[in-house]
Each structure stands twice: as structure tokens, then as C-alpha cells.
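Here are the chains, one letter per residue:
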Amino acid sequence: MGSVFDEKDFLACCGSTKFGKEMVAAAPFSTLQDAILAARHIWFNKVDVNGWLEAFAAHPQIGQSPSKNHQSPTFAQWSKGEQSTALATATDSTLQELFEWNARYREKFGFIFLICASGRSTLEILAELKIRYQNRPIIEFEIAAQEQMKITELRLAKLFTDKADTAPTIKPLATTNIARKAEEDRVKIIGAHMTAATGDAGAKPAHIPNRTRPPITTHVLDTSRGCPANGIEVQLEMWNDNQTRPQFDKANIGGWKVLGSSATDKDGRSGQLMNMVEALAPGIYRISFNTGEYIPDGFFPYVSIVFEIRESQKWDHFHVPLLLSPFSFSTYRGS
């Protein structure tokens, strides 16, 4: 028997009315992993542009407390907790600068600046805001939607921590791939609609120049605790043999070249794993996480994710998050 939640519970995780209703319709969920997969599918395939904007608008502006009259007291409480580090590290001058940049951002994009703020200082958030302010609206809209999904997943974990009795279990890889593909297709559809709305239908740049971050990044969320996972070692490698490909049933020894390694910070984000390059070399990559050291009594001594980047994707950014608990993990392609 799965855990029972109502629409208000799901609205506390995401402020879109459509999202809340669709999650109720998809419930009950036996595990947190089931709920997350359903949430991704609903957010990227059933919630339209207006629903995305409704969800964005439900959040308080970064640096400000949520309204006491918010439709979901739990939403307001969680928002306050997620901004606690930012508020604790703020000064009068940084709050003023954040207020000014928030206003500039909203004037340019038409919605508030949205970021998964858990564990981030005011200076970190301000730096990210300034970087993202340079984006084109179509790109920034997608990033904001991805940030909302990160927040939703953290809050679903909190929901299950409070109410669910069953532990998350591993879902088949095919299910995760379906959810990931649906997410990517949805972003492409939203992008097409927005491009058409701006009178530039069919126009697509060859690439997005001047990267502000390495082309491959990651972060780790501890779904059993409902918070970012701090201190996990991460290593990024690339297959370096042009004559062969890594195979499922082979040892594949000697073909991997280490590009870089780091450890996740208090926000669950790794440091730089590769050089800052404009065009990413097409090929097969492997990102590995030392999960055994983080959860000594867990099921996984380490987790490795192998993925291939095509020639047509060399200008893209690939964010490979890991959702982790002692006995399960999942991933998807973010942005």
C-alpha cells in the first residue's frame, strides 16, 4: 500500500495547480522513486507554460520571507528553511544588491529568479543570478523549470520522510530512461512554442557561445534525508580508445581517461570536473560517485553512470544529477 497524499501536499512541493491535481490522479505511490518519476513526467509533459509560471510565482523572491498568507503554509515553511543559509549569510549591502538584481531579472524575463537555494549563501546565489541574467529568455525559462524540478524533488523527499513508511527501491533503468526522454522532449516543445511566440519560429543558433560553467556538471541529493549530499567524491572519465567502444559484457580496462575529480559541497554540487571548453568533444563519458564512503552501510559501494555525447550535442550543457538513498539511486539528464 502506497503513502496517501492530497492535493495540498503536492502543492507544497510545487505551486502549479495542474501539477497538484495530476499528482493526486497518479497516486498512490509505493515509494519516493515512484513519486519522483511521476512528478518529472507531469511537470515536463502535462503542465503547460502557464502552469510553469504559476509554480514560479508561488515562490518568494530570493532574499525575502514567504507571505504569511500563502495558500500552502507548508510551502511557505519549506521556502523559509531552504533560504535559511542565504538569509543567515546576508548583509544589508548584499540584500540590497540581491533586491536590485532580482528586479532587473524579473524585468528582463517576466518571472522571478528561481534557484534551488538549499545550503547556498547570499553571495553564491547573487553570483549565479548575475551569470543567468546573461541568458536568452528561452534558455533561462528552461533553466528555471529545471530548478523548480530540483526543489520539487527535495520537497517530495521531505513529504515521504514525514509520512511514508516504505523505503525507496530501485526502478528499472528503462523506466528512468523513459522519464528522461519525456523530459527532454517536453523542453524542446516548450522551446518551440516560446520561439514561435517571439516571432522567430524555426530559428536555432548553432550553439550557445561563451560558457559560464564546464559542459558536464553534477550534484547529489540525499533523498533519505531530504537534503543535498555533502562530501561525496566524484570522478569524470572519457573513453579514450578510438578503435573500440566500452561494452556491457567486457572488462573495458585501460580505455578510460580521467578528466577530473572533486567532492560535493554543502549544496551537493561537485567542483569543476573538466576544463572549461567551448565545444565538448563527442564521445563516451563515465561519471562515478564514491557512495560507499558516504553511506558505509548502504547497498552501493560506488555508482557509475555511462553516457554518450554526439557531434550534434557538443555545444550543449550536460547536468547529471544523482538522487541517492541507502538502497536506491536514480539519475536523469538535467541542464
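In what follows, the structure referred to is the one given above.
Residues numbered from 1 in each chain as written. Predicted model: local features only at pLDDT ≥ 70, side-chain atom pairs only at ≥ 80, totals over all residues. Heavy atoms only, no water.

(A) Focus on the packing of aromatic side chains. Inspection of the entire model under this criterion finds 18 aromatic pairs. Judged by centre distance (5.4 Å) and plane angle (20°), the rings of Trp43 and Trp52 are stacked. Here Trp43 matches Trp52 in class, with each residue buried. Between Phe56 and Phe141, the ring centres sit 5.8 Å apart and the planes meet at 75°, which makes this aromatic pair edge-to-face. With Phe56 in helix α4 (residues 49–57) and Phe141 in helix α9 (residues 137–163), the pair connects residues that are 85 residues apart, well separated along the chain. Judged by its relative accessible area of 0%, Phe56 is buried. Residue Phe141 is classed as buried on the basis of its relative accessible area of 2%. Taken together, the aromatic side chains of Trp43, Phe44, Trp52, Phe56, Trp101, Tyr105, Phe109, Phe111, Phe113, Tyr133 and Phe141 make up a single cluster linked through ring pairs. Taking the ring centre of Trp101 as reference, the NZ or CZ of Arg104 above it sits at 4.0 Å. Its end group placed over the ring of Tyr133, Arg104 keeps NZ or CZ at 5.1 Å from the ring centre. (Phe/Tyr/Trp six-rings, centres within 6.5 Å; stacked < 30°, edge-to-face > 60°. Buried < 20%, exposed > 50% of the residue type's maximum accessible area, 1.4 Å probe, protein only. Helix = DSSP H or I, 4+ residues; strand = E, 2+ residues; numbered from the N terminus. Lys NZ or Arg CZ within 6 Å of the ring centre and 35° of its normal.)

(B) Geometry of the environment of Ser262. Looking at the element boundaries, Ser262 is found in strand β5 (residues 256–263). Using a relative accessible area of 22% as the deciding quantity, one classes Ser262 as partly exposed. Counting along the chain gives 29 residues from Ser262 to Glu233, while the straight-line C-alpha distance between them is 5.9 Å. With sequence-adjacent residues up to four places away left out, Ser262 is seen in contact with Ile232, Glu233, Val234, Ser270, Gly271, Gln272 and Leu273. Looking at Ser262, its side chain comes within polar contact range of the main-chain nitrogen of Gly271, at 2.8 Å. (Contact = heavy atoms within 4.5 Å. Polar contact = N/O pair within 3.5 Å; in protein donor to acceptor, adjacent residues only side chain to side chain.)

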